[in-house]
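# Structural overview for review
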Amino acid sequence: MAMKRIGVLTSGGDAPGMNACVRAVVRTALYHGIECYGIRRGYAGLINGDVVQLNERSVSHTINRGGTILYSARSKEFMTEEGQRKAVSTCKFLGLDGIVVIGGDGTFRGAQALSKYGINVIGIPATIDNDISCTNYCIGFDTAANTAIDCIDKLRDTMQSHERCSVVEVMGRHAGFLAMYVGLAVGATAVLVPEDPFDFEQDVIEKIRRAKLKGFTHFMIVVAEGAGSAADIAKRIKDTIDLDPRVTVLGHIQRGGTPTGRDRVNATKMGYLAVQLLKEGKTNRVVCTREGGYVDVDIEEGLAMKRSVQEMEIDVLDAMTGSISLTDN
Ligand code: F6P
């Protein structure tokens, strides 16, 4: 069946590069003579018929913009069967031959639901958490990481002057990829991630003590929000050793800003590929990056895959802070 009309939506936590991706979907569709509708506010928009027809110019000057011009939402109604049926009715009413959904794991579970009702759907991973296991890369991660790195570099200047300890909380409710990457990039004393329950004495205090013994005068502790609150950890440090840590919660700052080149290019290629897949008659697939290239994976299989922060990253971090050599000596 030839594709005549498709829809595109962004859902869940926004990520820098989503606009570049929407732009690529729209322009690839139009390039192939396929009409494209933007569905606003994610699955809520699909339920309510909140849609707008997009042309080439609708997405002009968006490749460099953070956020999402289509808005984003987490729809509770779409989790119900009734909500899903309404969304399917909208698809049928609009005559959509397929939908591209851009977001994280919740977005893909939504895609699965639509697919069960016979709607052709392709997912594109976009989340600053980078926690979709079937892909090496999710749109938004690079920008968010660089935003956090930039903020922490600034913090380090003042920490160094005052010989202080900083506890910085980065995003990542269930995943520590962002925290670990950022921690390595800023030379953190310790990084706490949700996947690896930490021992406060050994993983924080001991690391600070060892760093002190080596002559370090300021200490950076990076905490993924899912591992614990920066305020709690700072208080525990204060109660345990002679330091008065300052707390910084980077929060939603990490989700905004101009997407990096890496995010724009990945977003553009993934948007292009999603439309190609729909054109080939494929459905219920997610576009993934693998070893420098791109593949597509069944959404169900993709959601079942597991990927975690690597042991190697933990080892590298220990080596950089010198904690291992002191233990061994
Ligand atoms: O998009 C992922 C994420 O930023 C998580 O890292 C964070 O826990 C969550 O979204 C915050 O979501 P909300 O937008 O609801 O505050």
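Summarised in this report is the structure supplied together with it. Note that the structure is a prediction, hence the values are computed from the model and not measured.

The next thing to look at is the pairing of strand S5 (residues 121-125). By the criterion of burial, S5 is predominantly enclosed, with five of the five residues buried. Burial along S5 is two-sided: the residues Val-121, Gly-123 and Pro-125 and Ile-122 and Ile-124 are all buried. Pairing analysis gives five bridges linking strand S4 (residues 98-103) to S5, with the strands arranged parallel. In the strand pairing of S5, Gly-103 is matched with Pro-125. Tracing the backbone out of S4, into helix H4 (residues 105-116) and back to the parallel element S5 gives a crossover that is right-handed. Sheet topology note: the S5/strand S10 (residues 285-290) ladder contains two bridges and is parallel. Each residue of the ladder has a partner; that of Gly-123, found in S10, is Val-286.

Moving on: the site of the ligand. Taken together, the neighbourhood of the ligand is formed by Gly-13, Arg-74, Asp-129, Met-171, Gly-172, Arg-173, Glu-225, His-252 and Arg-255. Here an oxygen atom of the ligand sits 2.7 Å away from a polar atom, N or O, in the side chain of Asp-129. Interatomic distance of 2.8 Å between a side-chain N/O atom of Arg-255 and an oxygen atom of the ligand. In this structure, the ligand is accommodated by the largest pocket. Residue classes in the shell around the ligand are distributed as one nonpolar, three polar and five charged. For the shell around the ligand, the domains that each give at least three residues are domain 1 (5-140 + 259-304) and domain 2 (144-255).

Backbone geometry places Arg-41, a non-glycine residue, at a positive phi of 65 degrees. Structurally, Arg-41 can be placed in the loop between strand S2 (35-39) and helix H2 (42-48). Judged by its relative accessible area of 34%, Arg-41 is partly exposed.

Turning next to the sheet that holds strand S7 (residues 190-192). An order of S7-S8-S6-S9 is seen for the four strands of this open sheet, with the pairing classed as parallel. Single-partner strands in this sheet number two, and they are S7 and strand S9 (246-249). This sheet shows a mean twist of 15 degrees between the axes of neighbouring strands, independent of strand direction. Relative to strand S8 (residues 219-224), helix H5 (residues 141-162) is tilted by about 145 degrees, and along the sheet it contacts strand S6 (165-170), S8 and S9. In this fold helix H8 (residues 230-240) packs onto S6, S7, S8 and S9, with an angle of close to 160 degrees to the strand it touches most, S6.

If you trace the seven strands from one edge of the open sheet to the other, you get S3-S2-S1-S4-S5-S10-S11, paired in mixed fashion. Because the sheet does not close on itself, it has two edges, and the strands there are strand S3 (51-54) and strand S11 (293-298). Sheet twist, expressed as the average angle between the axes of neighbouring strands with direction ignored, equals 25 degrees. When S10 meets S11, the two strands line up antiparallel, connected through six bridges. Paired with Arg-290 across the bridge in S11 is Gly-293. On top of the sheet, helix H1 (residues 18-31) reaches strand S1 (5-10), S2, S3, S4 and S5; it is set at about 180 degrees to S1, its chief contact.

Quick notes on the rules
Residues numbered from 1 in each chain as written. Predicted model: local features only at pLDDT ≥ 70, side-chain atom pairs only at ≥ 80, totals over all residues. Heavy atoms only, no water. Buried < 20%, exposed > 50% of the residue type's maximum accessible area, 1.4 Å probe, protein only. Helix = DSSP H or I, 4+ residues; strand = E, 2+ residues; numbered from the N terminus. Pairing = 2+ DSSP bridges. Right-handed = clockwise from strand over helix to strand, strands pointing away. Near = heavy atom within 4 Å. Polar contact = N/O pair within 3.5 Å; in protein donor to acceptor, adjacent residues only side chain to side chain. 1 Å grid on protein atoms, 1.4 Å probe; cavity = no way out; pocket = protein on both sides within 12 Å on 5 of 7 lines; lining within 4 Å. Sits in = over half its atoms within 2 Å of the grid points. Nonpolar A, V, L, I, M, F, W, Y, C, P; charged D, E, K, R; others polar. Domains from an automatic or database assignment. Axes fitted to C-alpha atoms, helices over the stretch in contact; angles between N-to-C directions. Contact = heavy atoms within 4.5 Å.

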